[in-house]
Amino acid sequence: MYILAIESSCDDTSAAVLRDGILLSNVTASQAVHEEYGGVVPELASRAHQQNIVPVVDAAIKRAGIVKEDLDAVAFTRGPGLMGSLLVGVSFAKGFARSLGIPMIDVNHLQGHVLAHFIRENKPTRLADSPCGELDAEDDVPTFPYLCLLVSGGNSQIVKVNSYQDMEILGQTIDDAAGEAIDKCSKVMGLGYPGGPIIDKLARQGNPEAFEFSKPDIAGYDYSFSGLKTSFLYHLRDWIKDDPDFIEHHKEDLAASLEKTIVDILMKKLRKAVKDTGIKQVAVAGGVSANSGLRNAFRDHAKRYHWKIFIPKFSYTTDNAAMIGITGYFKYLDKDFASIDLPAYARISPNMDKK
Ligand code: KG4
């Protein structure tokens, strides 16, 4: 049984093909057009998706070694994300599925990130393309229930995953997401976009204890990152008054201290969730899960608190169609198909799979 999956929620156009839940191909076209603006420009993103979607889908089908008539279903990201970007993927998926006379499966993008831990590859490459030579979760998959820290450019959530389809958001950010905070601080420092990978690289050469930034005091499992962003900005302004080249002189220490603050905030709430629920299987997902400091914090917690951790392969941290495909596969097994009139959605309610 072959599924084609399509992801177009933000600035990556991605298509994947799975056979019986095993990934055969995963092709992603990233959009460089946003770099000069220091952030994603929605209108440019949808136009780039329109240009990319046909060649990306074509490449995914060819790399899988099949023809389009072999496909049994088309899974697509229905939301949340940028409406214009989503509409390109949703409309393409509907037209493609309809022309082939096969069912469509709508997938929640966040659910896809959380289920990325179930992606299985034709050729296992977990060690080969892992820069740290780490083992990560290898072929081990979480069992239900598990907790997932979902951290991306638009979301920071602690999710209790009861089954493939049943997910509870225990806490989430009340303002900025962790990735958004990193990107904004990186912009303030005059670094490129997206800031996450740049901050990560600089942080490896800096002292995480060099500077102290404010940490929020929010009740429960919710997060807040806007205060940190402001504190970072105000501190920098003061320091630059004394030394106009302060950023250049201290960029590694600034990056390391910022990263440590964000990782500390994320891990504190996660520890609380583990303690309160008693669930010690803990996964991390989303673009920020590529961060070395966060990955190391997970390993430390695994050792210190005996957590069983699940860290995704780098290529499945940022947006990709493979995670949409695996989620689509589980929905296919449940015969949970979408109708042609299902609209895209930019935001979602706390019920992650709400229609
Ligand atoms: O999941 P994702 O690709 O897109 C969303 O759906 O939001 O996440 C993108 C976010 C950006 O904020 C980016 O700066 C951040 O993930 N990111 C990182 C790293 N790589 C990407 N943040 C910290 N360290 C990284 N290595």
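Residues numbered from 1 in each chain as written. Predicted model: local features only at pLDDT ≥ 70, side-chain atom pairs only at ≥ 80, totals over all residues. Heavy atoms only, no water.

Q: Which residues make up the sheet that holds strand β9 (residues 167-172), and what values do they have?
A: Reading across the sheet, the 5 strands line up as β9-β8-β7-β10-β11 and stay open at both edges, with mixed pairing between neighbours. Of all strands in the sheet, those with a lone pairing partner are β9 and β11 (308-310), marking the two edges. Neighbouring strand axes in the sheet, compared pairwise and without regard to direction, differ in orientation by 25 degrees on average. In terms of strand pairing, strand β8 (residues 156-161) meets β9 through 5 bridges, oriented antiparallel. Residue Q157 lies in a different strand from β9, and its bridge partner there is Q172. Against the sheet, helix α8 (residues 292-305) engages β7 (146-151), β10 (281-285) and β11, with an angle of about 175 degrees to β10. (Pairing = 2+ DSSP bridges. Helix = DSSP H or I, 4+ residues; strand = E, 2+ residues; numbered from the N terminus. Axes fitted to C-alpha atoms, helices over the stretch in contact; angles between N-to-C directions. Contact = heavy atoms within 4.5 Å.)

Q: Quick rundown of the packing of helix α1 (residues 42-63) against helix α2 (residues 83-100)? Include the residues and the values.
A: The contact between α1 and α2 brings their axes to 9 Å, and the two run at 40 degrees. Regarding α1 and α2, the two cross each other, and that crossing is right-handed. Across from A45, S46, H49, Q50, I53, V54, V57 and I61 in α1, the residues of α2 making contact are G84, S85, V88, G89, F92 and F96. Grouping the constituent residues of the contact of α1 with α2 by class yields 8 nonpolar, 6 polar and no charged. (Left-handed = near helix turned anticlockwise from the far one by under 90°. Nonpolar A, V, L, I, M, F, W, Y, C, P; charged D, E, K, R; others polar.)

Q: I'd like a rundown of the layout of surface pockets, residues and numbers included.
A: Of the volumes computed, that of the second largest pocket is approximately 320 Å³. What lines the second largest pocket is a set of 18 residues, and nearest its centre among them are K260, V263, D264, G293 and A297. For the lining of the second largest pocket, the secondary-structure elements that each account for two or more residues are α7 (246-277) and α8. Considered class by class, the residues forming the lining of the second largest pocket number 7 nonpolar, 4 polar and 7 charged. (1 Å grid on protein atoms, 1.4 Å probe; cavity = no way out; pocket = protein on both sides within 12 Å on 5 of 7 lines; lining within 4 Å. Points joined across faces, edges and corners; volume = space filled by probe spheres on them.)

Q: Now, about the pattern of salt bridges: what can you tell me, with residues and values included?
A: Enumeration according to the criterion identifies 19 salt bridges in this entry. Measuring nitrogen to oxygen at the nearest pair gives 2.8 Å for the salt bridge that ties D176 to K229. You can see D176 sitting in the loop between β9 and α4 (178-188) and its partner K229 sitting in helix α6 (residues 226-242), a full 53 residues away along the chain. D176 gets classed as buried once you look at its relative accessible area, which sits at 8%. Owing to a relative accessible area of 22%, K229 belongs among the partly exposed residues under this scheme. By sharing partners, the salt bridges in this structure join R78, D106, K331 and D336 into a single network. (Salt bridge = Lys/Arg side-chain N within 4 Å of Asp/Glu carboxyl O. Buried < 20%, exposed > 50% of the residue type's maximum accessible area, 1.4 Å probe, protein only.)

Q: Kindly report on the site of the ligand, identifying the contributing residues and their values.
A: Near the ligand lie 19 residues; those nearest to it are G153, D183, G196, D200 and G287. D183 is positioned such that a nitrogen or oxygen atom in its side chain is 2.7 Å from an oxygen atom of the ligand. In the complex, the protein chains occlude 87% of the 560 Å² of accessible area that the ligand would expose alone. Every element with two or more residues in the shell around the ligand is listed here: α3 (109-115), α4 and α5 (195-203). (Near = heavy atom within 4 Å. Polar contact = N/O pair within 3.5 Å; in protein donor to acceptor, adjacent residues only side chain to side chain. Areas by Shrake-Rupley, 256 points an atom, 1.4 Å probe, with all protein chains shown as cover.)

Q: Explain the packing of α4 against α5 to me, using residue names and the numbers behind them.
A: Between α4 and α5, the shortest axis-to-axis distance is 8 Å and the interhelical angle comes to 75 degrees. Here α5 runs roughly perpendicular to α4, going by the angle between their axes. Contact with α4, carried on its side by I182, D183 and S186, involves G195, G196 and I199 of α5 and no other residues of that element. Among the residues making up the contact of α4 with α5, the classes are represented as 2 nonpolar, 3 polar and 1 charged. (Parallel < 35°, antiparallel > 145°, perpendicular 65-115°, else oblique.)

Q: Tell me about the pairing of strand β4 (residues 73-79), and please be specific about residues and values.
A: The buried count for β4 comes to 7 of 7 residues, which makes it a mostly enclosed element. Where strand β1 (residues 2-7) meets β4, 4 bridges bridge the pair, whose relative direction is parallel. By the bridge assignment, L4 is partnered in β4 with V74. Judged from the 5 bridges that link them, β4 and strand β5 (residues 104-108) form a sheet pairing that is parallel. Within β5, the position partnered with T77 by the bridge is V107. Between β4 and its parallel partner β5, the chain crosses via α2, and the hand of that crossover is right-handed. (Right-handed = clockwise from strand over helix to strand, strands pointing away.)

Q: Residue-level account of empty space enclosed by the protein, with values.
A: Where empty space is left becomes clear once a probe the size of a water molecule has been rolled over the atoms. Per the stated rule, a full pass over the model turns up 1 cavity of 30 Å³ or more. Empty space within the largest cavity amounts to approximately 40 Å³. Top element by residues in the lining of the largest cavity is α7. It accounts for 4 residues.

Q: Requested: an account of the nonpolar core, with residues and values cited.
A: Soluble globular proteins: nonpolar side chains tend toward being buried together. In terms of nonpolar packing, the biggest core is built from 45 residues, with L149, F225, I262, L266, L294 and F298 touching the most fellow members. The greatest single-element share of this core, amounting to 14 residues, is contributed by α7. Not counting the four nearest positions on each side in its chain, L266 is found in contact with L149, V151, A178, Y223, F225 and L294. Membership of the second largest hydrophobic core comes to 32 residues, among which are V107, V114, V159 and F330. (Core = buried A, V, L, I, M, F, W, Y, C linked by side-chain atoms within 4.5 Å.)

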